[in-house]
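Architecture at a glance
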Amino acid sequence: MDALALGSLFAGIKKKAKVVVVSNRQPWFHERVAEGIRAFRPASGLVTALEPIIEAVGGTWIAHGSASADRLVVDRKNRVRLPEENPRFTLRRVWLTPKEEEGYYYGISNKALWPLCHIVYTKPRFSRKDWEIYRDVNRRFSDTVLDEVGDSPAIVFIQDYHLALLPRYLRNARPDLKLIQFWHIPWPNREAFRIFPWSEEVLDGLLGNDLLGFHIQYHCNNFLDTVEKTLEAMVDYENFSIYRGGRPTYIRPFPISVDFGQIGIDAGSSIVQEKKESFIRQLGPGAEGTKIYVGADRIDYTKGIPERLRGFDLLLQRNPDLKRRVTLLQLAAPSRTQIEEYGRINDEIENLVEEINRRHGADPWKPVHFLRDHHDYHAVLAAYHMADVVMVTSLHDGMNLVAKEFVAARTDGDGVLLLSQYTGAARELTDAVLINPYDTDQLADAMLRAFRMPEEERRRRMARMRAQVEKNNIYEWGRKIFEELLKRVHLGKSRSEAKQVAMAGSVIRRLNPHLAAVKFLTLRCSSAILKKVHARLTGNGVMR
Ligand code: F6P
């Protein structure tokens, strides 16, 4: 599956329904630079994955406009066509006040849901004030989507944990909308999730969707189990669906990916070559002829950057002969810096880098080069290209697209991937050297193994990983999701169908005390039967 094929699949869909993508993070942001205003792409796995899809299918992407020049380039409806050089889709921006951003993005999304879902021993923090703001902001996104779709039938594709309540708001306002949500982070087990003070509301929100996707089956199972033990809903383990209010939500795994073909082409471009030369200059003469170990991450406590540094330190302690023969290049994008834990992890990393360089460095060789900056797409590709080894040491990660991008960029067929077994990517990239980032000894051993790995073995592993990413590329991900939706809903006869379902829902809610009957009805009966039940109960005066 490629961009063209996905585009033609959507040509049919778009005759019947508008297509709208919604996320917190926008695919492009605008900043003032010396020459005027320029558009940049943020460091975001979500954007890496979704942008090729929206470019292939067209439509509108609704997201939070958060950069300094974002307001200067939009029209009256807050819309701008992108990408600038060859516009293929519309970005519609939603504005938030600093207080709203604080409560919704920093507060509930990243101090509460992010640590709650990742389970990496960072405590989630909950605040009722933040929760109220989170609700309001989800409503704001809902109003924007409703305005965007007007009276037309539409498929709304919602992204991630920032917008858990949006599907319910949309469902209540427009029962006929076709709603899909993809949850880009792990879904934890029920024991971990149950401490979330508004767990029922979040689950009810997500069950407003027709289709809810996670990266892997394990997260789907966790979700089904969480719902079963938390909410009044019928969980059908045979079909992986959940019935609430008379309507099903299908829960499915869709391992996300990257644009394999395009990354391969871009990796060979002259701009990547220039960036590579610039890195080589930055690393200096000490790095010449050494094996280059690369890390490329947002600075986040889930990414295992200190663990990686400790592993590298141990590698050098145990193998002094590797001094002057290995160099670690760590690209690190600052992220969520207003949150205390992110400030702390940043300090920890800087101290570790300093310590390792002091302990092992020997002029002009410096073991670790820590480049804290927003490195653009081409710079990251350049780093992958010059790497002998790429290290992904996440303590927990829904998928991790660094791993897949690296593999896609290595058109030369060489390079070793060290990959945490706690990433979604580890399920597909079984030819990586899988590691437990909590085990520093094992990590140092794996780094040594990568150093010594014979070329023939490196190429064999890389070829298999490339075949996997090529097959399950980002367009294939998009195809699977939309085909699954189309198997479950009918585009077109939306309004009347919606009315029936709404009526069934109202019966179910009124019958709520008689739970066993409700479960039976939700699962087995057509809405025609429910209409009769509704009439009978209303006629008998049972429901007033
Ligand atoms: O992994 C979840 C996620 O939302 C990604 O989709 C995205 O790449 C990353 O977090 C970035 O987060 P933020 O948008 O907060 O910078």
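Refer to the structure above for everything that follows.
What counts, and where the lines are drawn
- Residues numbered from 1 in each chain as written.
- Predicted model: local features only at pLDDT ≥ 70, side-chain atom pairs only at ≥ 80, totals over all residues.
- Heavy atoms only, no water.
- Helix = DSSP H or I, 4+ residues; strand = E, 2+ residues; numbered from the N terminus.
- Buried < 20%, exposed > 50% of the residue type's maximum accessible area, 1.4 Å probe, protein only.
- Near = heavy atom within 4 Å.
- Polar contact = N/O pair within 3.5 Å; in protein donor to acceptor, adjacent residues only side chain to side chain.
- Areas by Shrake-Rupley, 256 points an atom, 1.4 Å probe, with all protein chains shown as cover.
- Nonpolar A, V, L, I, M, F, W, Y, C, P; charged D, E, K, R; others polar.
- Pairing = 2+ DSSP bridges.
- Axes fitted to C-alpha atoms, helices over the stretch in contact; angles between N-to-C directions.
- Contact = heavy atoms within 4.5 Å.
- Right-handed = clockwise from strand over helix to strand, strands pointing away.

So, unusual backbone geometry
- Residue P83 is reached from L82 by a cis peptide bond, and omega for that bond is -15 degrees.
- Relative to the elements of secondary structure, P83 occurs in the loop between β5 (79–82) and β6 (89–94).
- That bond from D363 to P364 is cis: its omega, 5 degrees, falls within 30 degrees of zero.
- Mapped onto the elements, P364 comes out in the loop between α12 (340–360) and β15 (368–372).
- The backbone of I119 shows a phi angle near 45 degrees, a positive value even though the residue is not glycine.
- Within the element layout of this structure, I119 appears in the loop between α3 (98–118) and α4 (128–149).
- Here I119 falls in the partly exposed class, since its relative accessible area comes to 38%.
- A positive phi angle, close to 50 degrees, is found at F240, a residue other than glycine.
- For F240, the location among the structural elements is in the loop between β10 (234–236) and β11 (241–244).
- With a relative accessible area of 25%, F240 lands in the partly exposed category.

With respect to the site of the ligand
- The ligand sits among R25, S44, G45, L46, Y105, W114, D160, Y161, H184, I185, R298 and R336.
- Taking D160, its side chain carries an N or O atom lying 2.7 Å from an oxygen atom of the ligand.
- Protein coverage of the free-state accessible area of the ligand, which is 390 Å², stands at 90%.
- At the level of secondary structure, the elements contributing two or more residues to the shell around the ligand comprise α2 (45–57) and α3.
- Looking at the shell around the ligand residue by residue, the classes come out as 5 nonpolar, 3 polar and 4 charged.

A short note on the sheet that holds strand β14 (residues 326–333)
- Spatial strand order, β15-β14-β13-β16-β17-β18: 6 strands in an open sheet with parallel pairing. Each of the sheet's edge strands pairs with one partner strand only, and the pair in question is β15 and β18 (433–435). Here the strands of the sheet are splayed against their neighbours by 20 degrees on average, with no regard to which way each runs.
- Here 4 bridges tie strand β16 (residues 389–392) to strand β17 (residues 416–420), and the two strands are oriented parallel to one another. By the bridge assignment for β17, V389 is matched with V416.
- Against the sheet, helix α10 (residues 270–283) touches β13 (291–298), β14 and β15, its axis set at about 125 degrees to β15.

As for the pairing of strand β7 (residues 154–159)
- Counting buried positions along β7 gives 6 out of 6 residues, so the element sits mostly inside the fold.
- Residues A154, V156 and I158 point to one face of β7 and I155, F157 and Q159 to the other, with burial holding for every one of them.
- As judged from the 5 bridges shared by strand β1 (residues 18–22) and β7, these two strands associate in the parallel manner. If you follow V19 over to β7, its bridge partner there is I155.
- Sheet analysis places β7 next to strand β8 (residues 178–182), joined by 5 bridges and oriented parallel. In the strand pairing of β8, Q159 is matched with F182.
- A crossover links β7 with its parallel partner β8, the connecting element being helix α5 (residues 166–173), and its sense is right-handed.

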